[in-house]
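Spelled out from the first residue to the last, the chains are:
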Amino acid sequence: MTIMFSDVRGFTTISESFKHDPQGLTKLMNRFLTPLTNAILARKGTIDKYMGDAIMAFWNAPLDDKEHQLNACNAALDMLERIEELNKIREVEAEESGIAFIPINVGVGLNTGTCVVGNMGSDLRFDYSVLGDTVNLASRLEGQTKEYGFSIIVGSRTAMAIKEKFAILELDFIMVKGKKEPEVIYAVAGREDTAHSERFQKLRNLTIEMLACYRSRDWEGALSAIERGRKTDVAHSLENLFDMYEERLHAYQADPPPPDWNGAFQLLKK
């Protein structure tokens, strides 16, 4: 199955602006949850549950879906497009009413693997839901979107299944909190047209060079690649990634990892 977790970035700030208007916050939540739900359902997804401003969904159950990875990634990109449309409408409304406009930004985590799916809960109440390590990792990946600066982050099994149809960018080799096995993670930056664009190829080449130096313990080479990358016209898209690796590289210069280091980075945050 392919599992999705999506969450609104900075929702606390948005909800705080409605502290004297809870009905207004409810209306806003319905406005963004509806198009996101429609995007998931249109791509054969199953909504598991809503958790405040977050959505959990999955593919390949209860009905078989041989293209569940592709459908999940298409749904994630559709969700971003629909949020962008909603933000444009809300910006006009805010300007007309003279209130501050706070855009809605969504982070999405996707992961593919074996799960247990079915009716779960207590003797008195249960839900049709999904459990497993695959689900846990999908949730962790969603949480990392704000750290890496990309709206959609996927696990390696999802990435390998969609790589011919989408623009994927390798980000890191990580050990998430609570897990013992590392995972290569990727960003989904767009569909096939994006993958063939000159701009995406620049992004891809920059990250490949930086990661190659980083994993071979060439800290200076990795920092040099970042410095050159910051001078390019695609630097803005990699700003969070560059900042994160720069901090990590300086730390490794001062205190190198052990000789048997495999390139994996232990995440301390969920």
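So, how was this worked out
Residues numbered from 1 in each chain as written. Predicted model: local features only at pLDDT ≥ 70, side-chain atom pairs only at ≥ 80, totals over all residues. Heavy atoms only, no water. Pairing = 2+ DSSP bridges. Helix = DSSP H or I, 4+ residues; strand = E, 2+ residues; numbered from the N terminus. Contact = heavy atoms within 4.5 Å. Axes fitted to C-alpha atoms, helices over the stretch in contact; angles between N-to-C directions. Core = buried A, V, L, I, M, F, W, Y, C linked by side-chain atoms within 4.5 Å. Buried < 20%, exposed > 50% of the residue type's maximum accessible area, 1.4 Å probe, protein only. Parallel < 35°, antiparallel > 145°, perpendicular 65-115°, else oblique. Left-handed = near helix turned anticlockwise from the far one by under 90°. Salt bridge = Lys/Arg side-chain N within 4 Å of Asp/Glu carboxyl O.

### With respect to the sheet that holds strand β8 (residues 166-175)
Okay, step 1: Taken in spatial order, the eight strands of this open sheet run β2-β3-β1-β4-β7-β9-β8-β10, and their pairing is mixed. Looking at the sheet topology across the chains shown, the edges are occupied by β2 (46-51) and β10 (265-266).
Okay, step 2: The pairing of strand β1 (residues 2-9) with strand β3 (residues 54-59) spans five bridges and is classified as antiparallel. Bridged to I3 within β3 is F58.
Okay, step 3: Relative to the sheet, helix α3 (residues 68-97) contacts β1, β3, β4 (105-112), β7 (152-154), β8 and β9 (183-191), its axis offset from that of β4 by approximately 180 degrees.
Okay, step 4: Along the sheet, helix α8 (residues 198-215) contacts β8, β9 and β10; its crossing angle with β8, the most-contacted strand, is approximately 20 degrees.

### What to know about the nonpolar core
Okay, step 1: Grouped together as the largest cluster of nonpolar side chains are 36 residues, with contacts concentrated most on M4, F32, I104, L110 and V188.
Okay, step 2: In terms of residues, this core owes the most to one element, α3, which gives nine residues.
Okay, step 3: Other than its neighbours up to four places away in sequence, V188 contacts C73, L77, I152, V154, I162, F166, A167 and I168.
Okay, step 4: The next biggest cluster of nonpolar side chains, apart from the first, holds 35 residues, and it includes F150, A187, C213 and L249.

### What to know about the packing of α8 against helix α10 (residues 239-254)
For any two helices packed against each other, the geometry is given by the interaxial angle and the distance between the axes.
Okay, step 1: It is the contact of α8 with α10, at a shortest axis distance of 12 Å, that shows an interaxial angle of 15 degrees. Relative to α10, α8 is oriented roughly parallel. In the packing of α8 onto α10, the handedness of the crossing is left-handed. Each of T207, M210, L211 and Y214 in α8 lies in contact with α10, whose residues at this interface are L241, F242, Y245, R248, L249 and Y252.

### As for the pattern of salt bridges
Okay, step 1: Tallied over the full model, the rule gives 13 salt bridges.
Okay, step 2: D48 is the partner of K49 in a salt bridge, and the nearest nitrogen-oxygen pair spans 2.6 Å.
Okay, step 3: Overall, the relative accessible area of 11% leaves D48 in the buried class.
Okay, step 4: For E246, the salt bridge identified is with R230, shortest N-O distance 3.2 Å. A residue pair is termed long-range when its members are at least 10 positions apart, and E246 in helix α10 and R230 in helix α9 (residues 219-230) qualify at 16 residues.
Okay, step 5: Sharing partners across several salt bridges, the network here consists of R43, D78, E81 and R191.

### A short note on the side chain of T134
Okay, step 1: Within the fold, T134 resides in helix α4 (residues 133-143).
Okay, step 2: Given the relative accessible area of 9%, T134 is considered buried.

Note that every value here comes from positions in space, so none of it alone points to a role or purpose.
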